[in-house]
Amino acid sequence: MLTRLFFLGVLLALPASALFAQYTTEEFVPIGASPGVSNIYSIIGKIATVNQENGSLTVSDSSGVTYLVTNLKGVSIWLDRSKVKGKNEVGSLADLQPGRTVEVKYKGDPATRGTSLTADWVKVEVTS
Amino acid sequence: MKPLNLKHPAALIGLIALLGLITLITLFFRGPPEPTPAGDPLVAKGRDLFFKETFNGNGRTCGTCHRAENNLIIDAAFIATLPNNDPLFIAEINPDLNKNFEDPKLMRKRGLILENQDGFEDLAGNFNMRGVPHVFSQRISIDSNPRVRTGCISDTKCPRTGWSGDGAPGSRDLKAFATGAVTQHFTKTTDRKPGVDFRLPTEEELVALEAFQLSLGRQAELKLPLPLKSPEAIKGQEIFNTTGKCLRCHANAGANVPGGGGNSNFNTGVEDLPDPTGDFSEVDDGLGSPGDGTFNTPSLVEAADTGPFFHNNSVDTIEGAVAFYNSDAFNNSPSGQFLRDGADRAIALDGTQVKAVAAFLRAINALDNIRELNNLLGAVAANVLLAGEHPADVVKRAVNDIDDAIMVLQEGGLHPDAVQQLQEARGLTVEADTSPSSRIKLAKQALEAINEAKSLILG
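Notes on the structure in this doc start here. (Residues numbered from 1 in each chain as written. Chains lettered and ligands numbered in written order. Predicted model: local features only at pLDDT ≥ 70, side-chain atom pairs only at ≥ 80, totals over all residues.)

Focus: the overall build of chain A
Stage number 1. For chain A, the count of helices and strands is one helix and seven strands.
Stage number 2. Each helix and strand of chain A, placed in order from N terminus to C terminus, yields the pattern α-β-β-β-β-β-β-β.
Stage number 3. Counting all 128 residues of chain A, 40% fall into the buried class.
Stage number 4. Intrachain contacts of chain A at a sequence separation of at least 6 include 53% that bridge at least 24 residues. (Helix = DSSP H or I, 4+ residues; strand = E, 2+ residues; numbered from the N terminus. Buried ≥ 20, exposed ≤ 12 C-beta atoms within 10 Å, placed from the backbone. Contact = placed C-beta atoms within 7 Å.)

A look at the overall build of chain B
Stage number 1. Each helix and strand counted, chain B has 16 helices and eight strands in total.
Stage number 2. Split into buried and exposed, the 459 residues of chain B put 51% on the buried side.
Stage number 3. Nonlocal contacts in chain B, meaning residues at least 24 apart in sequence, comprise 67% of its contacts between residues at least 6 apart.

Quick look at unusual backbone geometry
All names here are of chain B.
Stage number 1. Across the junction of L224 and P225, the peptide omega takes the value 0 degrees, indicating a cis bond.
Stage number 2. Mapped onto the elements, P225 comes out in the loop between α8 (203-215) and α9 (231-241).
Stage number 3. Residue P308 is reached from G307 by a cis peptide bond, and omega for that bond is 5 degrees.
Stage number 4. Despite not being glycine, F55 has its phi angle at roughly 50 degrees, a positive value.
Stage number 5. Inspection of the secondary structure puts F55 in the loop between α2 (41-52) and α3 (62-65).
Stage number 6. Backbone geometry places N71, a non-glycine residue, at a positive phi of 55 degrees.

Some thoughts on α8 of chain B
Residue and element names in this part refer to chain B.
Stage number 1. Compared with an ideal rise of 1.5 Å per residue, which puts 13 residues at 18 Å, α8 spans 19 Å between its outermost C-alpha atoms and is within 8% of the ideal.
Stage number 2. Here α8 has its buried residues at L206, A208, L209, E210, A211, F212, Q213 and L214.
Stage number 3. Those residues of α8 hidden inside the fold are in contact with α2 and α7 (174-185).
Stage number 4. Phi turns positive one or two residues past the end of α8, at G217, with a value near 75 degrees. (Expected span 1.5 Å × (residues − 1).)

Some remarks on the nonpolar core
Stage number 1. Core analysis: the biggest nonpolar cluster contains 97 residues, and A363 and A446 of chain B have the highest contact counts within it.
Stage number 2. Considering every element that reaches this core, the biggest residue donor is helix α13 (residues 351-381) of chain B, with 18 residues.
Stage number 3. Discounting chain neighbours no more than four positions away, the residues touching A446 of chain B are L377, A425, L428, T429 and A432 of chain B.
Stage number 4. Counting 22 residues, the second largest nonpolar core, distinct from the first, contains I47, L96, L117 and W121 of chain A. (Core = buried A, V, L, I, M, F, W, Y, C linked by C-beta atoms within 7 Å.)

A closer look at the pairing of strand β7 (residues 116-125) of chain A
Residues and elements named next belong to chain A.
Stage number 1. Of all 10 residues that make up β7, eight are buried, and the element is covered over most of its length.
Stage number 2. Relative to β7, strand β3 (residues 66-70) runs parallel, the two being bridged by three bridges. Counted as the bridge partner of L68 is S116 from β7.
Stage number 3. Where strand β4 (residues 76-80) and β7 come together, five bridges link them in parallel fashion. The partner of W78 across the bridge, within β7, is K123. (Pairing = 2+ DSSP bridges.)

Side note on helix α16 (residues 439-457) of chain B
Residues and elements named next belong to chain B.
Stage number 1. Taking 1.5 Å as the rise per residue, α16 with 19 residues should run 27 Å; its terminal C-alpha atoms sit 27 Å apart, in good agreement.
Stage number 2. Buried residues of α16: R439, L442, A443, A446, L447, A449, I450, A453, K454 and I457, and no others.
Stage number 3. Residues of α16 that are buried make contact with α13, α14 (391-411) and α15 (416-434).

Brief notes about the packing of α2 of chain B against α8 of chain B
Residues and elements named next belong to chain B.
Stage number 1. It is the contact of α2 with α8, at a shortest axis distance of 7 Å, that shows an interaxial angle of 100 degrees. Classified by the angle their axes make, α2 and α8 are roughly perpendicular. Between α2 and α8, the contacting residues are L42, V43, K45, G46, R47, L49 and F50 on the first element and E205, A208, L209, A211, F212 and S215 on the second. (Axes fitted to C-alpha atoms, helices over the stretch in contact; angles between N-to-C directions. Parallel < 35°, antiparallel > 145°, perpendicular 65-115°, else oblique.)

As for the environment of S264 of chain B
Stage number 1. Take S264 of chain B: it is sitting in the loop between β5 (262-263) and β6 (265-266).
Stage number 2. Considered as a pair, S264 of chain B and R160 of chain B are 104 residues apart in the sequence and their alpha carbons are 7.6 Å apart.

Points about the environment of L97 of chain B
Residues and elements named next belong to chain B.
Stage number 1. Within the secondary structure, L97 is located in the loop between α5 (90-93) and α6 (104-110).
Stage number 2. Once the C-alpha coordinates of L97 and D344 are considered, the two residues, 247 residues apart in sequence, prove to be 50 Å apart.
Stage number 3. Apart from residues no more than four positions distant in its own chain, L97 is found in contact with N58, I90, A91, T189 and T190.

A short note on the packing of α15 of chain B against α16 of chain B
Residue and element names in this part refer to chain B.
Stage number 1. Between α15 and α16, the shortest axis-to-axis distance is 8 Å and the interhelical angle comes to 165 degrees. The angle between α15 and α16 places the two elements in the roughly antiparallel class. Of the two elements, α15 crosses α16, and the hand of that crossing is left-handed. Contact with α15, carried on its side by D417, A418, Q421, L422, E424, A425, L428, T429, E431 and A432, involves R439, L442, A443, Q445, A446, A449, I450, E452, A453, L456 and I457 of α16 and no other residues of that element.
Stage number 2. Taken together, the residues that form the contact of α15 with α16 break down as 13 nonpolar, three polar and five charged. (Left-handed = near helix turned anticlockwise from the far one by under 90°. Nonpolar A, V, L, I, M, F, W, Y, C, P; charged D, E, K, R; others polar.)

Shape descriptors only; they carry no functional weight alone.
As structure tokens, then:
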């Protein structure tokens with residue numbers, strides 16, 4: 001009983017949407033190179049459409065599957081400039097433009113993933 | 001000159017004697033046969049990467065901070081022995097890194113390194129100074145139970161790495177950790193451009209690095225209570241498991257909570273300790289961004305010879321670390337309040353009890369060093385490459401571990417009889433280092449002395 005209460009204490013101490021800190025080095029990891037995440041807990045493709053107002057976009061991957069990604073207003077968006085040897089930076093919704101390559105880390109498990117995804121973080125390739 | 005007449009008995013005897021002498025001299029100075037490979041080649045590859053690979057960065061390797069010769073940590077005393085051109089001091093050497101990369105004063109004074117765990121947008125204003133944790137026993141110290149945690153990578157995986165348990169990008173596990181570490185610590189400039197300022201580890205390299213790190217230290221938890229022989233350590237073990245409440249976070253003196261919860265984070269109030277030195281001006285808010293004040297639980301078996309203690313190296317001795325749990329800072333913290341169990345204070349140990357708990361931690365640390373020495377010197381005695389490491393190098397590491405075992409016992413006034421055996425083992429091991437031809441025999445003798453020491457500490 002005490003052990004369970006102790007766990008409860010730990011759970012209550014953690015905010016429900018804790019942004020894990022050192023995962024901010026994720027900013028400097030190019031699209032497709034996130035260890036244990038890329039193409040497992042993330043999808044990579046080209047942005048087809050963007051809805052800035054409700055914070056969503058559609059992405060088509062290399063096999064032609066199109067995903068609807070939501071929750072973009074609450075997540076980290078990083079600009080991947082590694083292809084032009086530039087400095088990666090924090091971006092914004094405005095940087096998510098049709099035609100750009102994007103990696104979306106989604107919430108949930110790959111086994112139960114459908115084509116509607118809730119974003120956890122987003123990297124977008126920028127070549128300027 | 002007359003040719004030698006080998007038919008003459010004296011000449012023949014002389015020649016045989018000369019050949020025999022040459023053979024004896026050759027045998028004496030010839031080392032042992034080449035060692036045979038043993039262990040996992042992936043671990044050997046990982047070791048190589050860990051201590052030698054700079055990832056095209058600023059010259060640092062993982063081993064720059066996790067020093068093989070210093071229990072995989074750095075502390076102020078060890079740092080003081082390093083030459084000024086050591087890559088650890090790259091912030092003092094490289095003008096592109098002399099701002100917002102390290103704090104050389106705190107590094108040299110307290111063994112602290114700079115982390116931008118809340119991101120890199122405000123390098124000057126948003127950073128924390130943390131100690132270098134040992135990386136032993138990670139196989140049994142990182143995983144936590146996703147059913148009782150939040151923010152897990154998946155329903156089945158919830159690893160915790162680093163001082164705030166959030167040390168890795170990607171899948172957030174040990175394999176991914178090196179990616180974040182290279183980005184934070186190996187960069188040539190604070191721009192951190194991948195492919196320019198450093199290169200990221202490949203998938204194969206990450207796998208090898210993980211295999212190496214998982215191979216370090218204990219591979220299984222202790223099963224307390226242990227049949228210790230020191231009355232003080234026995235008392236300390238009892239307090240650890242009862243009134244000291246240590247087992248509530250450190251089951252079996254490891255890094256996990258009891259009952260299957262795995263590794264956890266807690267807010268124990270370390271950040272609320274008074275700071276008369278003025279060294280800790282930046283508040284470290286722990287896990288998350290913004291942080292929730294919690295820090296990750298380390299294993300205690302390895303504690304006594306890997307100080308200083310806590311995420312900011314704020315306590316120097318194991319006795320001080322134990323005594324911390326008597327403090328107002330701990331007892332007023334969320335964890336301290338939770339552990340009150342209806343009393344006024346969670347933990348109230350007197351001085352002798354603090355010392356007893358420390359004696360217990362010293363004893364189990366000495367035993368862990370002995371466990372490791374059995375691996376090291378066992379490999380030397382068997383003349384095998386220990387995961388790619390030559391016995392000649394293993395012997396040097398063994399001397400360090402013997403020194404650690406002696407230190408933790410002597411500082412605690414424990415087991416002078418075992419210390420004597422360890423000192424004998426040290427002499428034999430040092431001799432093994434300098435006499436390759438006798439290395440195998442000396443390693444065997446050292447093992448006997450080391451295990452005799454063990455029998456004096458553990459029943």
